[in-house]
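The chain contents come next:
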Amino acid sequence: MQEAIDFLSLKSPIFLEIIEKYGLPQIPKRPQGFETLVLLILEQQVSVDSAKATFLKIKAYMTCNPETMAILSDEEFRNLGVSRQKTKYIKILAEAVLNKELDIESLASKSAQQVREELIKLKGIGNWTIDIYLMFCLEEPDLIPLGDIAVINTIKELLNIHDKNEMEIHTQQWSPYRSYATYLLWHYYLTKRNRKITY
């Protein structure tokens, strides 16, 4: 991580300021596999904490694997706090695994681009979900999820860049360590708001 931080600090003084003020970020890690993809679907457009609470309810109710998620009824999902849309996405994912359209285990041996091409085919799994899976599970070092509201708001605040295309161009200079830049931006965003997240 030190190499990444040295590189980023040279590229942009905001990273040194974040570290001096708030210390080093936590590097999020999650296990590869079906469960994490279900959790990421639940996390779309809601807080991490509320998604986690729903995820734990699912796990307490039933084993979270493709076999059980494919046969769980819409009503059971609803009682567990899962929206109709996310229920559909989880079932699509489960069926893709059961039908052998998706081999989650094999993703670890593929390039970030190949992983994206494979997962994006599934309705309900978009670029944000894929970015987070690549970063947290496959330890991809060079991604910045510009669909993430905390990342966008922090770039606006610290760099005064408000246009998505400009953000895209500006953040290219942080390559090959854009994931570490993301962890620093999240760290700033959360610590400033006195929020703690357990990944």
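In the block above lies the structure referred to throughout.
Remember, it's a predicted structure, so these values are computed and weren't measured experimentally.

Before going further, it helps to examine the overall build of the protein chain. Helix and strand content of the protein chain: 12 helices and 0 strands. Taken along the three principal axes of its C-alpha coordinates, the protein chain extends 50 × 35 × 30 Å. When burial is assessed residue by residue, the protein chain has 48% of its 199 residues classed as buried. Counting every atom, the protein chain has about 10,500 Å² of accessible surface; 50% of that belongs to carbon and sulfur. For the protein chain, the distance from the average site of its 24 positive side-chain charges to the average site of its 26 negative ones is 6 Å.

A few words on helix 8 (residues 112-119). Turn by turn, an α-helix covers 3.6 residues, leaving residues three or four places apart pointing in a common direction. Among all positions of helix 8, only Val115, Arg116, Glu118 and Leu119 are buried. Projected down its long axis, helix 8 shows its buried positions confined to an angular sector of 165°, all on one face. Against helix 3 (34-43) and helix 9 (127-136) lie the buried residues of helix 8.

Its volume calculated, the largest pocket comes out at about 560 Å³. Along the wall of the largest pocket there are 25 residues; nearest its centre are Val46, Val48, Trp128, Asp148 and Ile149. In terms of residue count, helix 9 provides more of the lining of the largest pocket than any other element does, 5 residues in total. Classifying every residue of the lining of the largest pocket gives 13 nonpolar, 8 polar and 4 charged.

As a further point, take the environment of Leu37. Mapped onto the fold, Leu37 is located in helix 3. Linking Leu37 and Ile132, residues 95 residues apart in sequence, is a C-alpha distance of 9.6 Å.

Next up on the list: the pattern of salt bridges. Summed over the entire model, instances satisfying the criterion amount to 6 salt bridges. A salt bridge links Glu35 to Lys59; the nearest nitrogen and oxygen atoms lie 3.1 Å apart. With Glu35 in helix 3 and Lys59 in helix 4 (residues 48-61), the pair connects residues that are 24 residues apart, well separated along the chain. When its relative accessible area of 38% is taken as the criterion, Lys59 is described as partly exposed.

Under the counting rule described, the total for this entry stands at 7 aromatic pairs. Ring geometry for Tyr22 versus Tyr188: centroids 5.8 Å apart, planes at 65°, classification edge-to-face. Of this pair, Tyr22 sits in helix 2 (residues 13-22) while Tyr188 sits in helix 12 (residues 178-192); the two residues are 166 residues apart in sequence, bridging distant segments of the chain. Centroid distance Phe136 to Trp186: 5.9 Å. Interplanar angle 80°. Geometry classified as edge-to-face. Placement of Phe136 in helix 9 and of Trp186 in helix 12 is noted, with a sequence separation of 50 residues between them. Trp186 gets classed as buried once you look at its relative accessible area, which sits at 8%. In this structure an aromatic cluster arises from ring pairing among Phe7, Phe136, Tyr177, Tyr180, Tyr183 and Trp186. The ring of Tyr189 has Arg193 lying over it, and the distance from NZ or CZ to the ring centre is 3.8 Å.

The rules behind the values
- Residues numbered from 1 in each chain as written.
- Predicted model: local features only at pLDDT ≥ 70, side-chain atom pairs only at ≥ 80, totals over all residues.
- Heavy atoms only, no water.
- Helix = DSSP H or I, 4+ residues; strand = E, 2+ residues; numbered from the N terminus.
- Buried < 20%, exposed > 50% of the residue type's maximum accessible area, 1.4 Å probe, protein only.
- Areas by Shrake-Rupley, 256 points an atom, 1.4 Å probe, with all protein chains shown as cover.
- Lys, Arg positive; Asp, Glu negative; His and termini not counted.
- Charge placed at Lys NZ, Arg CZ, Asp CG, Glu CD.
- Arc of directions from axis to C-beta.
- Contact = heavy atoms within 4.5 Å.
- 1 Å grid on protein atoms, 1.4 Å probe; cavity = no way out; pocket = protein on both sides within 12 Å on 5 of 7 lines; lining within 4 Å.
- Points joined across faces, edges and corners; volume = space filled by probe spheres on them.
- Nonpolar A, V, L, I, M, F, W, Y, C, P; charged D, E, K, R; others polar.
- Salt bridge = Lys/Arg side-chain N within 4 Å of Asp/Glu carboxyl O.
- Phe/Tyr/Trp six-rings, centres within 6.5 Å; stacked < 30°, edge-to-face > 60°.
- Lys NZ or Arg CZ within 6 Å of the ring centre and 35° of its normal.

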